[in-house]
Amino acid sequence: MSDEKDYKFYINQGIELTNKGEFDEAIVAFDKAIELNTNAELAYFSKGIAYHNLNQLQAAFESYTKAIELNPKMIDAYFNRAQSILSFDQPDESELGNALSDLKKAIELDENFLDAYYYAAVVLKKLGQYDDAVKYLDIVIEKDPLAVYSKALKKLILQKYLNK
């Protein structure tokens, strides 16, 4: 069996283990895939998911970053990297800015990625940029009139922060 097939075998094994909730074992499989192919962006991305599930957020962040370095158009890696930042205990303004940049990049790559718009609004709210947060929420609501969480967050921002 060639290394090409071997590394894909380990990626698939890692994904199966992740789906079973066996995250430590999944990381071992992804590491084997990466050992066989250091450019296996899916292995890094999937390893990030396993780390994220183990609440090892810095390791998840680093894995997503490596996936993005290998494939700058990997939309989900930007989104997940932003999610890892938002999962930090107390993300500071700089970290929130990085999360916002990742979410904007995900939106740039897929203008219909409604979750990215929503979380961009969440970050903007945390940064005190309420008008911009509402603009992102309006986009979600326009594209999905049943977007309950976006409607609720918009209402909160308008009432509590913008006194409208």
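The structure we're discussing is the one just above.
Definitions and limits used
Every chain is numbered independently, its residues counted from 1 as its sequence is written. Reporting in this predicted model follows two pLDDT cut-offs: at least 70 for local features of residues, and 80 or more for side-chain atom pairs to be given and counted; totals over whole chains, interfaces and linings ignore these cut-offs and use all residues. Here the side-chain values reflect all heavy atoms present in the structure, with hydrogen atoms and water set aside. Any pair of Phe, Tyr and Trp rings, taking the six-membered ring for Trp, is counted once the centres come within 6.5 Å. Such a pair is stacked with planes under 30 degrees apart, edge-to-face with planes over 60 apart, and tilted for the rest. Put simply, DSSP H or I for four residues or longer makes a helix, DSSP E for two residues or longer makes a strand, and each gets a number counted from the N terminus. Any residue under 20% of the maximum accessible area for its type is buried, any over 50% is exposed, and the rest in between are partly exposed; the area is computed with a 1.4 Å probe on protein chains only. In this scheme, the term charge over a ring applies when either NZ of a lysine or CZ of an arginine sits within 6 Å of the ring centre and within 35 degrees of the ring normal. Only the contacting stretch of a helix is used when fitting its axis, a line to C-alpha atoms as for every element, and angles between N-to-C directions run 0 to 180 degrees. Throughout, the term roughly parallel applies to angles under 35 degrees, roughly antiparallel to angles over 145, roughly perpendicular to angles from 65 to 115, and oblique to all others. Crossing handedness: left-handed means the near helix sits turned counterclockwise from the far one by under a right angle, and right-handed means the same turn made clockwise. We call two residues in contact whenever any of their non-hydrogen atoms come within 4.5 Å of each other. Charged residues are taken to be Asp, Glu, Lys and Arg, nonpolar residues to be Ala, Val, Leu, Ile, Met, Phe, Trp, Tyr, Cys and Pro, and polar residues to be all remaining types, Gly included.

A few words now on the packing of aromatic side chains. Per the counting criterion, the structure on display carries 7 aromatic pairs. Between the aromatic rings of Y117 and Y136, the centroid separation amounts to 6.1 Å while the plane-to-plane angle is 50 degrees, which identifies the pairing as tilted. Residue Y117 is located in helix 7 (residues 114–126), and its partner Y136 is located in helix 8 (residues 130–143); the two are separated by 19 residues in the primary sequence. Residue Y117 is classed as buried on the basis of its relative accessible area, which comes to 7%. On the numbers, 5.1 Å between centres and 85 degrees between planes, the contact of Y118 with Y119 is edge-to-face. A relative accessible area of 18% means that Y118 is categorised as buried. Clustering of aromatic rings is evident, with ring pairs tying together F79, F113, Y118 and Y119. Geometry around Y44 places K66 over its ring, the cationic atom sitting 5.9 Å from the centre.

The subject of this paragraph is the packing of helix 5 (residues 75–86) against helix 7. Direction vectors running N to C along helix 5 and helix 7 enclose 30 degrees, while the axes themselves pass 11 Å from each other. Put simply, helix 5 runs roughly parallel to helix 7. The interaxial crossing formed by helix 5 with helix 7 has left-handed handedness. Along its contact with helix 5, which presents F79, Q83 and L86, the element helix 7 presents D115, A116, Y119 and V123. Tallied by class, the residues present in the contact of helix 5 with helix 7 amount to 5 nonpolar, 1 polar and 1 charged.

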